[in-house]
Every structure is written in C-alpha cells, then in structure tokens.
Amino acid sequence: MDAICNWWNDLMSNDIWFYLLTTAVKLVIMFALILAFVVLSVWIERRVAGWIQDRPGPNRAGLPLFLLQRFGSKEKQPLKDVLHFFGIPETSRIARLCTWLRLDREIPTFGLMQPCLDGGKLFLKQETTPSYVRKLYFIVAPMLVLGPPMVAAAVLPFASCVDTIYGSISMCVANLDIGPLWIFAISGLSVYGLTLAGWSSNSKYPFLGGLRATAQLISYEVAMGLSVIPLLMMFGTLNLQSIVQYQADNGWTLLPLWGEGLSLQRWVMMLPLGISFLIFVTCVFAEANRTPFDMAECETDLVGGYHTEYSSMKFASFFMGEYAAMVIGSAVVVTLFLGGWSIGFGADAALASYSQWLAVLCQTLMFIVKLLAFIFFFVWVRWTLPRFRWDQVMKLGWLVFLELTVANIFLTAAVLYFVK
Amino acid sequence: MSYIPIKRPKFSLLDKIYVVELVKGLIITFKHLALSLMGKSRGKKDFSNKGVGICMQFPEERWDARLPEYYRGAPTLVRGEDGRERCVSCQLCEFICPARAITITPGEVDPNSSCQKQEKAPAKFEIDMLRCIYCGMCQEACPEQAIFLSKEYLITLTDRKKAIRDKETLYRLGGMRKGLVNKWNQYK
C-alpha cells in the first residue's frame, strides 16, 4: 500500500506526469460533457419545438420494465410489489400518481431516451454510399464536421483553478493564451467538412448546399472575429480563463453589478458591448448553420443540402456535428459575455476561500446551467424565425455586420479613452 | 396580359433593424410554450385532452367518439334488412379499386336465400387490407349499396395472411343496413 502511495507521490511530483494525467482527466470530462450535451440539446430542441407548437414533443421513450423480465425477474409488475412493500394501498393517490407516470410499465425519462434510441437506430441502419461519389472525401467530410467543435472546446474553462499539493490545476483542458483565436481557427475548419461533403457527393443539390455553407461561414467568420475585439480591448487578454476570472471579480460583461463593474466606464461600455453581443450571437447562429441561417440544408430549395447523399452513421455525424457546434457556440457566448463559470456577486471568491473543490463544483454547475439556458435560447429562436433568403444573408454579413463591427471597435476605443 | 401588382407593406427603420420585431416574435412563441406547459393552450377546451399542448396521447386517448360521419375507415360488406346479401357480384368495385385490393369470385345465388331475383352472388369476396388505401371508390361505384367504409381505423396486422379479409369477416363487420335499395324487394 505504501509502495503504491509513494509511487503515486513520485508520479504526481513529476511536472510532466502531473500535467499529462490532469489533462487526460479533464479531457475525458470535457469530451463526455460535450457528447452528453449534444444528446441533451437534441432533446431540448425537440421538446421545446413541441411546446412552442402546442404539442408535447417526444415524451414516450422510457426504459421499459419488460427488460427486467428479460434479465431474469419473474414478476410482471414490479410497481405492485413496491407499493405492497411500503404498505400503500393500490387505490391511493400515490399509487394513482405512479400509474399516471406510467411507472407500472416503464421507468420514465420524459423522452430523454429518444435521442439515444435515435442514435442507436442510425447506427444500425443500412449504409448506402452512392457509386458516383468521390469515396475518400465522402468519408472524410463527416469527420471534419464532427471533429472541430470537439477540439475547439479544449480552451473553454468550465471552472476556476484548484491548488493541490502537487500544483495548481486550471479547469480547462488547454489553458492557452490565444483562447478565442483558437476557437475561431478550429471551428472555421468545419467549413471544409460541409464543402467537401457537398463537392464529393457529386450531385447538384449537395454541391449548392456546400457552396452556400462555404460562402456563409467565411462571411460570418469575418464579422465574428471583429465583433469580439471590443471585449478583448476591455479585458486586455486573450486567455479565456483570465477573461472569466476578470468577469468573476468585476462583473459579467453584460451584467456589471459588482467589483469594478459599477464604474461609469463599464456602464458606458454597455453600448458597444451590447452591439458586439448581438452581432456575435448572430454570427454564432450563422456559424452553427442554425435557423434562420440554415441556408446549407434548407429542404425547400436544396432537398437536404450538403448531406443529401449521406445515410446511417455518416448522416448522424453531420447531425451531431451541427449540435456540437451549437453547444460550443453557446459555451463561447456564455464564456465571453455571460460570465462563463462565475457564479457572480462575489460568491466565487467567498466559496473558494471556504473550499476550492466546492467552488469548482458549484462553478461547473453554474456553467452548465448558463449553457443550458443559452441552448434553450438557440432553440427558441429557431422555432420563432423563418429562414432568411440567401441574398439577405450575404447582404447582412458583408454590408451590415462588417461595417458595424469596425465602427464598434472605434466606438469602444473612444469610450475607453474618454470615459474614465 | 394585365396583372395587378401586390402592394407590399412599407417597412419603417425600426422594422428594418429587426431586433424589436424579433423580440416580439420571441414573446409570441414563449407565450405558446408557457401556455402549453401549463396545459392551457388555445383551443384546449374544445379538445378536452390531458397533459401538454393540444395533442391527444394516442393509445390512451382516442378520437373514436369524435370521428365524423364521413370518416373513411376499413371497407365492409352489408346485408339488407331482410338479411340478404346486397352484393350481386357485379365486380364494379373490383374494377375501380385503384390499389387492386378487392378480389371477387362470382357464383350462384344461395338457394336458401330469401331473395332469388338477382342472378349472381359472390362466391368469394376478399379485401386485402395491406393494399386498401381507404379511398372509398368501391362505395361510390357500388350500384347496390352493398359496400360501405366503416369507421374502423386501427388495423394492426401481425401476419400477411391475416390481412386478407374474407366474405364472412366483411359481412360480420358491416352488419345490416335498412332502406336505400328497394330494387329486389316487394316495392319494385
């Protein structure tokens, strides 16, 4: 036992091993979190779509209890036994509530199982690759769509740092000093996936979809990059962890209510930052190929867009990639504008002085809550707005956003210079 | 050729900026979301379903009582009030059926039947429910008012052979109808 402890001590005292092990653990957590959120956001999408359209959405898929029988339980109705065990009569209100929740037939998940089952179905479906496609690029394309959002997530901080006896652990996979640039660079790569998918399908409509995706992503990439410059001018750093730390100490970008956030400068800054926020969020929508900017796959004029020729798990990769991009987009917006993991009102420092691990846990939960709220906003907008026309999208990107963002940078500079 | 140009609404600057209109739209959709979650969606009273939105939870709640008179379900054969087979095996339904679901083998009239005036009766009458598209053409074509679409809509088959409904089944499902055809009885 002592030998193991000593070995562990030696291992963790080595800087390289400490770094490698903690990074591996964070990597696994981050990856699992994103994949879970992809599934969850599909569920949120479908449920919220249902509610907005006055229907329940997928609420059926639960874990059926006949599976228990399959695994050797002989009783047909576990619910009855459970009620009997606790001495609850079968006509009581509790029993009726259980029946209403359909506990006698299945374990309810409120439809959460639905995306999992859909994924399983897509996995088992027949894979058809048309004979006329360019095979290599056809296979590479879905990977290029699913990969970049996962990689881009590496710089996103999901909690502050923890000091252990071996060293300090910063709660993001890679604490780079070029955070936002990394995200823009990597998520810009996903356009290759769409383009290659459109081109290698060797068919008219996917090609048009791929073209649209390329044009749209490139145009909005410009405005997206320019729109965060006011923020960076204010923070004075490109490290996402320090950006969030600054927000935790001095008020969120859009909620400067504590610390230095109460100064006049920060409140005047709300104007350029508000414009930045609007433009950035719109660009994130465009980057994630979401309605009202889903030009690349609008069914009415392009059949299915760039993924028309795909089937089975390759299609699922596109589907997941789209939702992963949405999750990452939301995470970036939350990190830059809504305070990232910070709980706010100085609660971070107070919690950290009590227990750093507790603070990290609370901060992660806070980050998840904010992320969920923003994903809900994403979905909400999707089921509110109709799709823009193609020329309108291009016009908005090049003729409105580009000029606005450039003007916004000068406005920010003026505010920072003149208002103290 | 003359045409009338459609009058497009003039957008103000506020409309063009789009943000205010977007917020208005978001409020409308959120209202729907909140109301359907509270179970108070518009038009819910007329619908009397339980739970979220105005959607019937199908296997538990059913449309049966609300099906309109003209609902087109599974086709059935009917008997007249004297219990005679109305079908005279003219095969018009078989010819008109667009899905070719009906197969009729004409035969002699049953000697024990109360009415011997018609010349033919179906020896076999089969409807393949896997082919039937519930269009109602058979009912329209029938000169004897012998085939009617019932309100039966839940046809779940476990076997292809069970999909073919024979004469006995069709008569059992159709039951008896009064009036309508007086061609063969004492009134004629």
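The model shown is predicted, which means the values in this text are computed figures rather than measured ones. (Residues numbered from 1 in each chain as written. Chains lettered and ligands numbered in written order. Predicted model: local features only at pLDDT ≥ 70, side-chain atom pairs only at ≥ 80, totals over all residues.)

A.B. asks: Requested: an account of the overall build of chain B, with residues and values cited.
C.D. replies: Along its length, chain B carries six helices and five strands. Sequence-ordered secondary structure for chain B, helices as α and strands as β, is α-α-α-β-α-β-β-α-β-β-α. On C-alpha atoms alone, chain B measures out to a radius of gyration of 27 Å, which is more than a quarter above the 16 Å that the 2.2 N^0.38 rule sets for 188 residues. Overall size of chain B, expressed as C-alpha extent along the three principal axes, is 85 × 55 × 35 Å. Scored against the burial criterion, the 188 residues of chain B give a buried share of 20%. Intrachain contacts of chain B at a sequence separation of at least 6 include 66% that bridge at least 24 residues. (Helix = DSSP H or I, 4+ residues; strand = E, 2+ residues; numbered from the N terminus. Rg over C-alpha atoms; globule rule 2.2 N^0.38 Å. Buried ≥ 20, exposed ≤ 12 C-beta atoms within 10 Å, placed from the backbone. Contact = placed C-beta atoms within 7 Å.)

A.B. asks: Run through the overall build of chain A, naming residues and quoting values.
C.D. replies: Looking only at helices and strands, chain A features 17 helices and four strands. Along the first, second and third principal axes, the C-alpha atoms of chain A reach 75 × 65 × 50 Å. Taking all 420 residues of chain A together, the buried fraction comes to 40%.

A.B. asks: Lay out the interface of chain B and chain A in plain terms, naming residues and giving numbers.
C.D. replies: Taken together, the contact pairs 13 residues of chain B with eleven residues of chain A. In terms of residue class, the side of chain B that touches chain A is built from six nonpolar, seven polar and no charged. (Nonpolar A, V, L, I, M, F, W, Y, C, P; charged D, E, K, R; others polar.)

A.B. asks: With reference to specific residues and values, describe the packing of helix α2 (residues 15-52) of chain A against helix α2 (residues 19-38) of chain B.
C.D. replies: One can describe the packing of α2 of chain A onto α2 of chain B by two numbers: an axis separation of 7 Å at closest approach and a directional angle of 90°. The orientation of α2 of chain A relative to α2 of chain B falls into the category roughly perpendicular. Residues V48, W51 and I52 of chain A of α2 of chain A touch α2 of chain B, and the partners they reach there are T29, H32, L33, S36 and L37 of chain B. Residue composition of the contact of α2 of chain A with α2 of chain B, grouped by class: five nonpolar, three polar and no charged. (Axes fitted to C-alpha atoms, helices over the stretch in contact; angles between N-to-C directions. Parallel < 35°, antiparallel > 145°, perpendicular 65-115°, else oblique.)

A.B. asks: For the nonpolar core, give the residues involved together with the corresponding values.
C.D. replies: One finds F280, A324, V327 and V333 of chain A to be the most contacted residues of the largest nonpolar core, which totals 98 residues. For this core, the element with the most residues is helix α14 (residues 312-337) of chain A, which contributes 16 residues. Every residue in contact with V333 of chain A, bar those within four places of it in the chain, is listed here: F280, V281, V284, L338 and F374 of chain A. In this structure, C87, I102, C142 and F148 of chain B belong to the second largest nonpolar core, which totals 20 residues. (Core = buried A, V, L, I, M, F, W, Y, C linked by C-beta atoms within 7 Å.)

A.B. asks: Which residues make up the pairing of strand β3 (residues 121-128) of chain B, and what values do they have?
C.D. replies: All names here are of chain B. Relative to β3, strand β2 (residues 102-107) runs antiparallel, the two sharing six bridges. Paired with T105 across the two strands is K124, which belongs to β3. Bridge count for β3 against strand β5 (residues 164-165) is two bridges, and the pairing is antiparallel. Residue I127 lies in a different strand from β5, and its bridge partner there is R165. (Pairing = 2+ DSSP bridges.)

A.B. asks: Hey, could you go over the domain arrangement of chain B for me, with residue numbers and the actual values?
C.D. replies: Domain parsing of chain B yields domain 1 (13-55) and domain 2 (65-180). The C-alpha centroid of domain 2 of chain B is placed 47 Å from the C-alpha centroid of domain 1 of chain B. (Domains from an automatic or database assignment.)

A.B. asks: I'd love a proper account of the packing of helix α6 (residues 113-124) of chain A against α14 of chain A, names of residues and values included.
C.D. replies: All names here are of chain A. One can describe the packing of α6 onto α14 by two numbers: an axis separation of 6 Å at closest approach and a directional angle of 140°. Classified by the angle between their axes, α6 and α14 sit oblique to one another. Here the hand of the crossing between α6 and α14 comes out left-handed. On the side of α6, the interface is formed by G119, L122 and F123, while α14 contributes S312, M313, F315 and A316. Split by residue class, the contact of α6 with α14 holds five nonpolar, two polar and no charged. (Left-handed = near helix turned anticlockwise from the far one by under 90°.)

A.B. asks: Which residues make up the sheet that holds β5 of chain B, and what values do they have?
C.D. replies: Taken together, the three strands give an open sheet; going across it, the order is β2-β3-β5 (chain B), and neighbouring strands pair in antiparallel fashion. The sheet terminates laterally at β2 and β5 of chain B, the two strands that pair on one side only.

A.B. asks: Kindly report on the environment of R172 of chain B, identifying the contributing residues and their values.
C.D. replies: Relative to the helices and strands, R172 of chain B resides in helix α6 (residues 167-174). Sequence separation between R172 of chain B and G83 of chain B is 89 residues; the distance between their C-alpha atoms is 12 Å.

A.B. asks: I'd like a description of α2 of chain B, backed by residues and values.
C.D. replies: Compared with the 28 Å implied by 1.5 Å per residue over 20 residues, the 28 Å span of α2 of chain B between its first and last C-alpha is a close match. Within two residues after α2 of chain B, G39 of chain B carries a phi angle of roughly 75°, on the positive side. (Expected span 1.5 Å × (residues − 1).)

A.B. asks: Just give me the short version of the confidence of the model for chain B, but keep the residues and values in it.
C.D. replies: Residue and element names in this part refer to chain B. Taken residue by residue, chain B gives an average pLDDT of 85. The fraction at 70 or more is 94%. Here helix α3 (residues 44-47) stands out as the least confident element of chain B, with mean pLDDT 72; helix α4 (residues 92-96) is the most confident, with 93. Two numbers describe this predicted complex: its pTM, 0.81, and its ipTM, 0.78. (pLDDT = per-residue confidence, 0-100.)

A.B. asks: Please provide a residue-by-residue account of the pairing of strand β3 (residues 161-164) of chain A, values included.
C.D. replies: Residues and elements named next belong to chain A. Across four bridges, the pairing between β3 and strand β4 (residues 167-170) is antiparallel. Residue pairing for β4: C161 is matched across the bridge by S170. Linking β3 to β4, which pair antiparallel, is a turn of two residues.

A.B. asks: Would you mind going over α2 of chain A in detail, with residue names and values included?
C.D. replies: The terminal C-alpha atoms of α2 of chain A, which comprises 38 residues, lie 53 Å apart, in line with the 56 Å expected from a rise of 1.5 Å per residue. Where α2 of chain A ends, the next residue or the one after it, D54 of chain A, has phi of about 60°, a positive value.

A.B. asks: Describe the environment of P111 of chain B, and please don't skip the residues or the numbers.
C.D. replies: Positionally, P111 of chain B belongs in the loop between β2 and β3. Between the alpha carbons of P111 of chain B and V88 of chain B there is a distance of 14 Å; along the sequence they are 23 residues apart.

A.B. asks: Tell me about unusual backbone geometry, and please be specific about residues and values.
C.D. replies: Residue and element names in this part refer to chain B. You will see that R100, though not glycine, has its phi angle at about 55°, which is positive. In this structure, R100 sits in the loop between α4 and β2. For R100, a count of 11 C-beta atoms within 10 Å gives the class exposed. A positive phi angle is found at Q145, which is not glycine, with a value near 50°. Note that Q145 resides in the loop between α5 (137-141) and β4 (147-149). Judged by C-beta crowding, with 16 C-beta atoms within 10 Å, Q145 ranks as partly exposed.

A.B. asks: So, the environment of K151 of chain B: which residues are in play, and what are the values?
C.D. replies: All names here are of chain B. Note that K151 resides in the loop between β4 and β5. With 76 residues separating them in the primary sequence, K151 and P75 have C-alpha atoms 8.8 Å apart. The contacts of K151, once residues within four sequence positions are left out, are L67, Y71 and G73.

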